[in-house]
Amino acid sequence: MPAPSAEPRAPRSKGVVVALTKAGRTKIRYPAELVRDDGIRVTVRAPWAAPGVRDFGFVRFEPGDVFTEHYWRDRWFAVKEVRTGDGELKGWYCDITRPAVLADGVLAVEDLDLDLWVSADGSSVLRLDEDEFEASGLAAHDPEAAGSAAAALDELEELARREGLAGLLA
């Protein structure tokens, strides 16, 4: 993995493919526009990539929604700002992941099951999929990764409740 650089650098190519894996299998791959890569954080923008509508009860992801996704090479999470096609902020969907790797136009991210939802006004902060995380067996076969994942979820939740996520993404 290349060493992080403190200097922002211009993207070599505007397009990347986001490859999200889970438990060793590809969950989804989709094209995205590379917005910024400062050597530590990679920001991409993409339309809702899954087919149809996904209704979680607290938010709906649907065709036309635009995701501005922030991935870190040194943190165990990704933060996805979700907006309607008209630009209205729906909120932030946060995936707990291993640190991202960008190589050869592919942004590789391993999903570790835990998620956090933060509504646009910050009034709703929801921890998600803790049962899936427990069932994954990560704590048994990679306790260090499981500890990093749990700490990342706690960190994001505390930040969301204390000051919101906008500062993290500035």
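Data block above holds the structure.
Rules of the game
Residues numbered from 1 in each chain as written. Predicted model: local features only at pLDDT ≥ 70, side-chain atom pairs only at ≥ 80, totals over all residues. Heavy atoms only, no water. Helix = DSSP H or I, 4+ residues; strand = E, 2+ residues; numbered from the N terminus. Expected span 1.5 Å × (residues − 1). Buried < 20%, exposed > 50% of the residue type's maximum accessible area, 1.4 Å probe, protein only. Arc of directions from axis to C-beta. Salt bridge = Lys/Arg side-chain N within 4 Å of Asp/Glu carboxyl O. Core = buried A, V, L, I, M, F, W, Y, C linked by side-chain atoms within 4.5 Å. Contact = heavy atoms within 4.5 Å. Polar contact = N/O pair within 3.5 Å; in protein donor to acceptor, adjacent residues only side chain to side chain.

Engineer: Report on helix α3 (residues 143–162), specifying residues and quantitative values.
Structural biologist: A rise of 1.5 Å per residue sets the reference length of α3, with its 20 residues, at 28 Å; its end C-alpha atoms lie 28 Å apart and thus fit the reference within 8%. Within the span of α3, buried status applies to Ala 145, Ala 146, Ala 149, Ala 152, Leu 153, Leu 156, Glu 157, Leu 159 and Ala 160. With its buried residues spanning 165 degrees around the axis, α3 presents them on a single face. Exposed side chains of α3 directed beyond 90 degrees from the buried face belong to Pro 143, Glu 144, Arg 161 and Arg 162. Downstream of α3 by one or two residues, Gly 164 has phi in the positive range, about 85 degrees.

Engineer: Before we move on, can you summarise the pattern of salt bridges with the specific residues and values?
Structural biologist: Taken as a whole, this structure holds 18 salt bridges when the rule is applied. Residue Lys 22 is joined to Asp 113 by a salt bridge in which the shortest nitrogen-to-oxygen separation is 2.9 Å. With Lys 22 in strand β1 (residues 15–22) and Asp 113 in strand β10 (residues 106–119), this pair connects stretches of sequence that are 91 residues apart. Lys 22 sits in the partly exposed class, given a relative accessible area of 24%. Linked by salt bridges that have partners in common, Asp 55, Arg 60, Glu 62, Asp 65 and Lys 90 make up one network.

Engineer: Outline the nonpolar core, listing residues and values.
Structural biologist: Residues Phe 77, Val 79, Ile 96, Leu 156, Leu 165 and Leu 168 are the most contacted members of the largest nonpolar core, which totals 24 residues. At the level of elements, β7 (77–83), β8 (89–97), β10, α3 and α4 (166–169) are the ones that each hand at least two residues to this core. Looking at this core, the element that brings in the most residues is α3, giving eight residues. Contacts of Leu 156, omitting those with residues within four sequence positions, involve Phe 77, Val 79, Cys 94, Ile 96, Leu 116, Leu 165 and Leu 168.

Engineer: Could you give me a rundown of the environment of Asp 121, with the residues and numbers involved?
Structural biologist: Looking at where Asp 121 falls in the secondary structure, it is placed in the loop between β10 and β11 (125–128). Along the sequence, Asp 121 and Pro 63 sit 58 residues apart, while their C-alpha atoms lie 22 Å from each other. Polar side-chain contacts of Asp 121 include one of 2.8 Å to the side chain of Ser 119.

Just distances and angles here, no functional claims.
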